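Coordinates in review
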Amino acid sequence: MGNKSISRKLKVENEYGIHARPAALIVKEAARYTADIYLEKDGNRVSCKSIMGLMTIEGFPGSWVTLIATGSDAADALDSLEALFVAKFHEA
Amino acid sequence: MKMREITVQRLLDQGADSLKLKVLAGEDYLSRKVQETAMNRPGLALTGFFTYFAHQRLQIFGLAELTYLKNLEPAERRSRLEAVFKQQIPGVVLTRKRRAIPEILELAAAYQVPVLCTSMVTMDFVNACTVMLDELTAPTKRVQGTTLELMGIGVLLRGDPGIGKSETALALIERGYSLVSDDVTEMRRTSQGRLFCWANDMTRYHMEIRGLGIIHVPSLFGVSAIRRQTELDLVIDLTMPTGEEDRTGVLQETVDILGVSVPLIMLPVRSGRDMANIVEVAALNQKLKELGHDAAKELDDKIISRLNGVGRGQ
């Protein structure tokens, strides 16, 4: 059960894309779950628990990324991370 | 391992300065793919001999080819050149800043082949361009891990997020070793089967340290604390203790990266353990092994020979 990997496509909708602050928010949220969570874009896959990784994927505004999670709380992790994307990382 | 194809455009972008490349004709066909890192001088093909003609390669027209062509009758020259252009070649390079023969420019358009020129001498161009093609076509990969160079030994630290890769790296930087990349490492495999590591352009020389945030390493520790690229010699996985660790170091584990087998050490992380010190010793030990001195194996051999000597009553 817990080892099934689930994924979801999300759009980066905030004004400046995935810069340091959104990256930190993603890491903070991802760290609450035991699941392995990755973000994939253009064939590059980085851990959502790595700030440096997230800053290298070039998540510019309007681009699409894929979240992939594996583990017992994977579904919850995707829900909460999706909420973060939808809320545009709480940027004004 | 299959090499990556590159377009003539990519070679032109990268080689505009170092290879002094310019486009003479066929600008619209720069998307043609170069499929071999070697180059071909089409001397024999120009005489009409096409057996084993290396048509996937860039065709280099040097002084000899161009002088030969100039000495032909115009109609003959055109038909000889056309026979070469017909072969679906990826591109033509004229060396030594030679003026292009009009037929070459016409045929470039007719057969949709880009024609470039360089001011370099043929031999220098072929050498430099081979090296560049080799680099551009090498298989690459992005891996999660922090890369350091310790006394010429390239070490990749891997491990789950939060296990202490960056903290260990920071301690090693303070001891005078160099950071190559933090957390995300780009790798390239050369045609000789060597692996090189460097940092992503975006985050190069930055590190993230929990509690501190993002720091810029050369600003804090000076330029000697950084290195642009290193050859990978050793992979160290920081792990949670399992009790299954190799206690002797006789069994050398390896990990496959881009088809290259790299020595791997699993290091269990415990609180109070000085990881930087252990990584430092692991790198030194790897250096020793590369020099042909394997401490674990030598001790084991000594024990085995003693045991067998005793067993035979000597």
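Residues numbered from 1 in each chain as written. Chains lettered and ligands numbered in written order. Predicted model: local features only at pLDDT ≥ 70, side-chain atom pairs only at ≥ 80, totals over all residues. Heavy atoms only, no water.

What follows concerns the overall build of chain A. Along chain A, the regular secondary structure elements total three helices and four strands. Helices and strands appear in chain A in the N-to-C order β-α-β-β-α-β-α. For chain A, whose C-alpha radius of gyration is 12 Å, the value lies close to the compact-globule estimate of 12 Å for 92 residues. In terms of principal-axis extent, the alpha carbons of chain A reach across some 40 × 25 × 20 Å. Scored against the burial criterion, the 92 residues of chain A give a buried share of 50%. Contacts in chain A between residues far apart in sequence, at least 24 positions, make up 71% of those at least 6 positions apart. Total accessible area computed for chain A in this model is approximately 4,600 Å², and 51% of it derives from carbon and sulfur atoms. Side chains of chain A give 11 positive and 12 negative charges; the mean places of these two sets differ by 1 Å. (Helix = DSSP H or I, 4+ residues; strand = E, 2+ residues; numbered from the N terminus. Rg over C-alpha atoms; globule rule 2.2 N^0.38 Å. Buried < 20%, exposed > 50% of the residue type's maximum accessible area, 1.4 Å probe, protein only. Contact = heavy atoms within 4.5 Å. Areas by Shrake-Rupley, 256 points an atom, 1.4 Å probe, with all protein chains shown as cover. Lys, Arg positive; Asp, Glu negative; His and termini not counted. Charge placed at Lys NZ, Arg CZ, Asp CG, Glu CD.)

Take the domain arrangement of chain B next. Splitting chain B by domain gives domain 1 (6-137) and domain 2 (140-293). Look at where the C-alpha atoms of domain 1 of chain B and domain 2 of chain B centre, and you get two points 43 Å apart. (Domains from an automatic or database assignment.)

Take helix H3 (residues 63-70) of chain B next. Each turn of an α-helix holds 3.6 residues, which means side chains three or four residues apart point in the same direction. All names here are of chain B. For H3, the full list of buried residues reads Glu65, Leu66 and Leu69. Each buried residue of H3 sits inside an arc of 90° when the element is viewed along its axis, so together they form one side. Of the surrounding secondary structure, the elements contacted by the buried residues of H3 are helix H2 (43-46), strand E5 (58-61), helix H4 (74-85), strand E6 (92-94) and helix H5 (102-110). (Arc of directions from axis to C-beta.)

Moving on: the packing of aromatic side chains. The full count for this structure, using the stated rule, is two aromatic pairs over all chains. With a centroid separation of 5.3 Å and 80° between ring planes, the pair formed by phenylalanine 50 of chain B and phenylalanine 53 of chain B is classed as edge-to-face. The exposure class of phenylalanine 50 of chain B is partly exposed, given its relative accessible area of 24%. Sitting over the face of the ring of tyrosine 38 of chain A, arginine 45 of chain A holds its NZ or CZ atom 5.5 Å from the ring centroid. (Phe/Tyr/Trp six-rings, centres within 6.5 Å; stacked < 30°, edge-to-face > 60°. Lys NZ or Arg CZ within 6 Å of the ring centre and 35° of its normal.)

With that settled, consider the interface of chain B and chain A. Across the contact, 14 residues belong to chain B and 13 residues belong to chain A. Carbon and sulfur atoms make up 64% of the area that chain B and chain A hide from each other, which totals about 1,200 Å². Taken together, the links from chain B to chain A amount to zero salt bridges. Counting across the interface, chain B meets chain A through four residue pairs in polar contact (both at pLDDT 80 or more). Within the residue set of the side of chain B that touches chain A, elements represented by two or more residues are strand E8 (140-144) and strand E14 (206-209) of chain B. (Buried area = accessible area lost by both parts, 1.4 Å probe. Salt bridge = Lys/Arg side-chain N within 4 Å of Asp/Glu carboxyl O. Polar contact = N/O pair within 3.5 Å; in protein donor to acceptor, adjacent residues only side chain to side chain.)

Another aspect to go through is the state of the cysteines. Residue and element names in this part refer to chain B. Counting across every chain of the model gives zero disulfides over all chains. The thiol sulfur of cysteine 129 is not disulfide-bonded, and the nearest other cysteine sulfur, from cysteine 117, lies at 13 Å. Overall, the relative accessible area of 0% leaves cysteine 129 in the buried class. (Disulfide = S-S within 2.5 Å.)

Time to look at the pairing of E5 of chain B. All names here are of chain B. Here E5 shows two buried faces, one formed by Leu58 and Ile60 and the other by Gln59 and Phe61. As defined by bridge partners, strand E4 (residues 39-40) adjoins E5 across two bridges and the pair is classed as parallel. Residue asparagine 40 lies in a different strand from E5, and its bridge partner there is glutamine 59. The pairing of E5 with E6 spans three bridges and is parallel. Bridge pairing links glutamine 59 to valine 92 in E6. (Pairing = 2+ DSSP bridges.)

The next subject is helix H7 (residues 165-174) of chain B. When you tally the buried positions in H7 of chain B, you get seven out of ten residues, the bulk of the element. Immediately downstream of H7 of chain B, the backbone of glycine 176 of chain B shows phi near 105°, a positive value.

Residue and element names in this part refer to chain B. Counting 29 residues, the largest nonpolar core has Leu148, Val155, Met207 and Ile236 as the members making the most contacts within it. Those elements that provide at least two residues to this core are strand E9 (146-150), strand E10 (153-159), H7, E14, strand E16 (229-239) and helix H9 (275-290). Element by element, the count of residues in this core is highest for H9, at five residues. In contact with valine 155, other than residues within four places in its own chain, are Thr146, Thr147, Leu148, Leu150, Leu232, Leu234, Ile236, Val279 and Ala283. (Core = buried A, V, L, I, M, F, W, Y, C linked by side-chain atoms within 4.5 Å.)

Our next topic: the sheet that holds strand E2 (residues 21-25) of chain B. All names here are of chain B. With respect to topology, five strands assemble into an open sheet ordered E2-E7-E6-E5-E4, the strand pairing being mixed. Of all the strands in the sheet, just E2 and E4 have a single pairing partner and so form its edges. Relative to the sheet, helix H1 (residues 8-18) contacts E2, E5 and strand E7 (115-118), its axis offset from that of E2 by approximately 135°. (Axes fitted to C-alpha atoms, helices over the stretch in contact; angles between N-to-C directions.)

Tracing the chain through its elements places aspartate 76 of chain A in helix H3 (residues 74-86). Placed 14 residues apart in sequence, aspartate 76 of chain A and glycine 62 of chain A show a C-alpha to C-alpha distance of 25 Å.

Glancing now at the packing of helix H1 (residues 20-30) of chain A against H3 of chain A. The axes of two packed helices give the description: the angle between them and the distance between them. Residues and elements named next belong to chain A. Two numbers describe how H1 lies on H3: the axes approach to 10 Å, and their chain directions differ by 160°. Classed by the angle they form, the pair H1 and H3 counts as roughly antiparallel. When you trace H1 past H3, the crossing you get is right-handed. Contacts from Leu25, Ile26, Glu29 and Ala30 in H1 reach Ser80, Leu81, Leu84 and Phe85 in H3. Here the residues of the contact of H1 with H3 are counted per class, giving six nonpolar, one polar and one charged. (Parallel < 35°, antiparallel > 145°, perpendicular 65-115°, else oblique. Left-handed = near helix turned anticlockwise from the far one by under 90°. Nonpolar A, V, L, I, M, F, W, Y, C, P; charged D, E, K, R; others polar.)

A few words on the side chain of glutamate 91 of chain A. Residue and element names in this part refer to chain A. Along the chain, glutamate 91 turns up in the segment after H3. At 4.1 Å, arginine 21 is the nearest oppositely charged side chain to glutamate 91, a buried residue that forms no salt bridge. A distance of 3.2 Å separates the side chain of glutamate 91 from the side chain of asparagine 14, its partner in a polar contact.

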